[in-house]
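Close look at the chain arrangement
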Amino acid sequence: MKTVAGLILVTAVVLAMGATPEPPRSGVIGAKGLATAADCSGAVGFSATGLDRVHSSGLVSYRTTLVDRGVGFSRETGEFTVHCPGIYHVAFAAYSDQANTKIVLKKRTSNSTWTEVAGAGGNGSGGGSNQILLDLGVSDQTGVWLVSGDIAKEQDRAVPSTTFTAFRIAKK
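An unreviewed UniProt entry lists the chain under the name C1q domain-containing protein, with Nezara viridula as the source organism.

Listed below in structure tokens is the structure:
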């Protein structure tokens with residue numbers, strides 16, 4: 001009897017191993033198919049701090065990701081690509097000991113160019129911060145650019161003041 005039961009178990013395991021893998025989850029959202037309906041049903045947001053570097057384009061990248069719920073944020077590039085559409089609260093900041101330091105939040109919709117949305121700092125200031133609400137659709141992107149001045153990298157390493165945060169407050 002043990003031999004028959006063992007044979008049945010081995011046969012079941014072999015058949016399971018040869019079975020076709022489970023199909024992808026349904027409800028894929030976004031052009032890149034990175035998020036699913038289940039991913040988008042919960043909290044979506046991220047928070048990054050500390051200057052890693054400023055890319056040649058001026059786009060700021062971050063040293064540390066404190067929170068990353070959902071998909072689409074890259075601290076290395078500094079870009080957030082939306083896979084879960086909705087209204088997002090976006091906050092950003094950067095400071096310097098140099099006057100005229102200015103940062104700008106930009107947005108790019110699918111197949112378009114980057115456009116300025118909101119800025120902080122500028123004439124005579126050493127940077128600044130701002131926060132806004134944005135209605136973002138699938139494949140939209142946001143990021144923070146340094147457009148003038150410099151970010152105080154050494155001071156920022158001790159206590160990061162360069163930040164980029166976004167979280168969805170309403171689903172589309």
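**A short note on the overall build of the chain**
Across its full length, the chain carries three helices and twelve strands. In the chain, buried positions account for 36% of the 172 residues. Nonlocal contacts in the chain, meaning residues at least 24 apart in sequence, comprise 66% of its contacts between residues at least 6 apart. Carbon and sulfur atoms make up 56% of the accessible area of the chain, which totals about 9500 Å².

**Describing the sheet that holds strand β10 (residues 127-136)**
Within a sheet, neighbouring strands are paired by backbone hydrogen bonds and run either parallel or antiparallel to one another. With antiparallel pairing, five strands are arranged side by side in an open sheet as β4-β3-β12-β7-β10. On the outer flanks of this sheet lie β4 (60-69) and β10, each paired with one strand and no other. Looking at each pair of strands side by side, their axes are set apart by 15 degrees on average, direction ignored. As paired strands, strand β3 (residues 45-54) and strand β12 (residues 163-171) are joined by five bridges and run antiparallel to one another. In the sheet register, A48 faces β12, and the bridge partner there is F164.

**So, the nonpolar core**
Among the nonpolar cores identified, the biggest contains 27 residues, and Y88, V90, F92, L105 and F164 are the most heavily contacted of them. If you tally residues by element for this core, the top one is strand β7 (residues 86-95), at four residues. Those residues in contact with F92 that lie beyond four places of it in its chain are I103, L105, A118, G119, A120, G128, S129, N130, V144, T163 and F164.

**Quick notes on the environment of Q131**
Residue position: Q131 is located in strand β10. Taking the C-alpha atoms as reference points, Q131 and A91, separated by 40 residues in sequence, lie 4.1 Å from one another. Contacts of Q131, omitting those with residues within four sequence positions, involve H89, V90 and A91. Of note is the side chain of Q131, whose polar atom sits 2.8 Å from the side chain of H89.

How each quantity is defined
- Residues numbered from 1 in each chain as written.
- Predicted model: local features only at pLDDT ≥ 70, side-chain atom pairs only at ≥ 80, totals over all residues.
- Heavy atoms only, no water.
- Helix = DSSP H or I, 4+ residues; strand = E, 2+ residues; numbered from the N terminus.
- Buried < 20%, exposed > 50% of the residue type's maximum accessible area, 1.4 Å probe, protein only.
- Contact = heavy atoms within 4.5 Å.
- Areas by Shrake-Rupley, 256 points an atom, 1.4 Å probe, with all protein chains shown as cover.
- Pairing = 2+ DSSP bridges.
- Axes fitted to C-alpha atoms, helices over the stretch in contact; angles between N-to-C directions.
- Core = buried A, V, L, I, M, F, W, Y, C linked by side-chain atoms within 4.5 Å.
- Polar contact = N/O pair within 3.5 Å; in protein donor to acceptor, adjacent residues only side chain to side chain.

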